[in-house]
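Read off the chains here:
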Amino acid sequence: MAKAYDHLFKLLLIGDSGVGKTCLIIRFAEDNFNNTYISTIGIDFKIRTVDIEGKKIKLQVWDTAGQERFKTITTAYYRGAMNASAGVERLLLGNKCDMEAKRKVQKEQADKLAREHGIRFFETSAKSSMNVDEAFSSLARDILLKSGGRRSGNGNKPPSTDLKTCDKKNTNKCSLG
Ligand SMILES: Nc1nc2c(ncn2[C@@H]2O[C@H](COP(=O)(O)OP(=O)(O)OP(=O)(O)O)[C@@H](O)[C@H]2O)c(=O)[nH]1
């Protein structure tokens with residue numbers, strides 16, 4: 001029987017409580033959105049398989065609790081992930097870009113931060129779907145290329161801003177790595 005996927009990548013979302021980590025994962029994995037806020041307890045994951053450069057990539061996306069009281073568990077978990085593989089690929093997300101009126105972080109500021117860390121930055125909206133697939137796929141592609149998959153063009157990924165125009169933007173930061 002054909003294998004259901006070519007690669008399995010594990011992604012982890014970290015960020016402050018309420019920035020929309022769970023909603024981003026639900027939008028990505030189930031194409032759904034709910035306004036109700038149920039704070040994550042501990043850690044959970046969802047799966048979606050995407051097609052990248054002709055490869056089936058199974059993404060196991062882990063959701064962490066942003067609340068301070070779970071910090072010991074979540075930081076222990078992502079430190080473990082960081083230690084397990086030296087060059088972890090990272091991505092910075094500014095979510096809730098559908099809420100421009102309540103913007104907390106200017107785009108330039110987030111761009112600068114991403115540039116300093118040499119990582120990509122996306123403004124996303126779990127509510128409108130803006131840039132959600134793009135962000136996850138971009139990270140998966142970077143991991144695929146890095147892990148020896150097909151590499152085309154310049155191997156040194158520029159710290160770019162790869163954004164679709166968002167009519168209204170609000171940014172709370174969370175990151176995906
Ligand atoms: N307008 C808007 N609201 C959003 C968006 N993403 C999430 N929300 C809302 O923000 C609230 C918090 O979202 P969650 O996904 O639960 O946040 P979280 O980061 O997982 O929070 P913790 O589990 O406490 O770490 C919920 O009421 C969501 O409906 C978005 O893109 N746009």
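Structure shown above.
What counts and what doesn't
Residues numbered from 1 in each chain as written. Predicted model: local features only at pLDDT ≥ 70, side-chain atom pairs only at ≥ 80, totals over all residues. Heavy atoms only, no water. Core = buried A, V, L, I, M, F, W, Y, C linked by side-chain atoms within 4.5 Å. Buried < 20%, exposed > 50% of the residue type's maximum accessible area, 1.4 Å probe, protein only. Helix = DSSP H or I, 4+ residues; strand = E, 2+ residues; numbered from the N terminus. Pairing = 2+ DSSP bridges. Arc of directions from axis to C-beta. Salt bridge = Lys/Arg side-chain N within 4 Å of Asp/Glu carboxyl O. Near = heavy atom within 4 Å. Polar contact = N/O pair within 3.5 Å; in protein donor to acceptor, adjacent residues only side chain to side chain. Areas by Shrake-Rupley, 256 points an atom, 1.4 Å probe, with all protein chains shown as cover. Phe/Tyr/Trp six-rings, centres within 6.5 Å; stacked < 30°, edge-to-face > 60°. Lys NZ or Arg CZ within 6 Å of the ring centre and 35° of its normal.

**Q** Which residues make up the nonpolar core, and what values go with them?
**A** The nonpolar side chains of soluble globular proteins are, as a tendency, buried together. With 22 residues, the main nonpolar core has Phe9, Leu11, Phe28, Ile57, Leu59, Val61 and Phe136 as its most contacted residues. The greatest single-element share of this core, amounting to 7 residues, is contributed by helix α4 (residues 132-146). Of all hydrophobic cores here, the second largest spans 6 residues; its members include Leu92, Val105, Ala114 and Phe121.

**Q** An account of the pairing of strand β3 (residues 55-64) is requested, with residue identities and associated values reported.
**A** Of all 10 residues that make up β3, 7 are buried, and the element is covered over most of its length. Of the strand pairs in this sheet, strand β1 (residues 7-15) and β3 are connected by 7 bridges, and their pairing is parallel. From the neighbouring strand, Leu12 faces β3, where its bridge partner is Trp62. Of the pairings in the sheet, the one linking strand β2 (residues 43-52) to β3 comprises 10 bridges and is antiparallel in character. Bridge pairing in β3 links Asp51 to Lys56. The loop that links β2 with its antiparallel partner β3 comprises 2 residues; one of these, Glu53, has a positive phi angle of about 50°.

**Q** So what's going on with helix α1 (residues 21-30)? Residues and values would help.
**A** Listing the buried residues of α1 in full gives Lys21, Leu24, Ile25, Arg27 and Phe28. Burial along α1 is one-sided: seen end-on, the buried residues are contained in an arc of 160°. Just past α1, the residue Asp31 takes up positive phi, approximately 50°.

**Q** Please give an account of the pattern of salt bridges that cites residues and values.
**A** Overall, the coordinates contain 11 salt bridges when judged by the stated rule. Arg27 serves as the salt-bridge partner of Asp31, at 2.8 Å between the closest nitrogen and oxygen. Residue Asp31 is classed as exposed on the basis of its relative accessible area, which comes to 55%. Judged by relative accessible area, Arg27 falls into the buried class, the value being 11%. Of the charged contacts, one joins Arg103 and Glu100 as a salt bridge, the two residues approaching to 3.3 Å between their closest N and O atoms. Judged by relative accessible area, Glu100 falls into the partly exposed class, the value being 35%.

**Q** Let's hear about the site of the ligand: which residues, and what values?
**A** The local shell around the ligand holds 25 residues, among which Ser17, Lys21, Tyr37, Ser39 and Gly66 are the closest. Within the backbone of Cys23, a nitrogen or oxygen atom sits 2.9 Å from an oxygen atom of the ligand. Ser125 places a side-chain nitrogen or oxygen 3.4 Å from an oxygen atom of the ligand. Notes on the ligand: free accessible area 660 Å², of which the protein chains cover 94%. Here the shell around the ligand takes 3 residues from α1, the largest share from any one element.

**Q** Give me the lowdown on the packing of aromatic side chains, citing residues and values where you can.
**A** On inspection of all chains with the given rule, the structure shows 2 aromatic pairs. Considering the side-chain rings of Phe28 and Phe136, the 4.1 Å spacing of their centres and the 15° angle between planes classify their relative orientation as stacked. One end of the pair, Phe28, is in helix α1; the other, Phe136, is in helix α4, with 108 residues separating them in the sequence. The buried category is assigned to Phe136, whose relative accessible area is 0%. Consider the rings of Phe45 and Trp62, whose centres lie 4.6 Å apart with planes at 40°: the pair is tilted. Residue Phe45 is found in strand β2, and its partner Trp62 is found in strand β3; the two are separated by 17 residues along the sequence. Here Phe45 falls in the partly exposed class, since its relative accessible area comes to 35%. Of note, Arg48 hangs over the ring of Phe28, and the distance from its end group to the ring centre comes to 4.6 Å.

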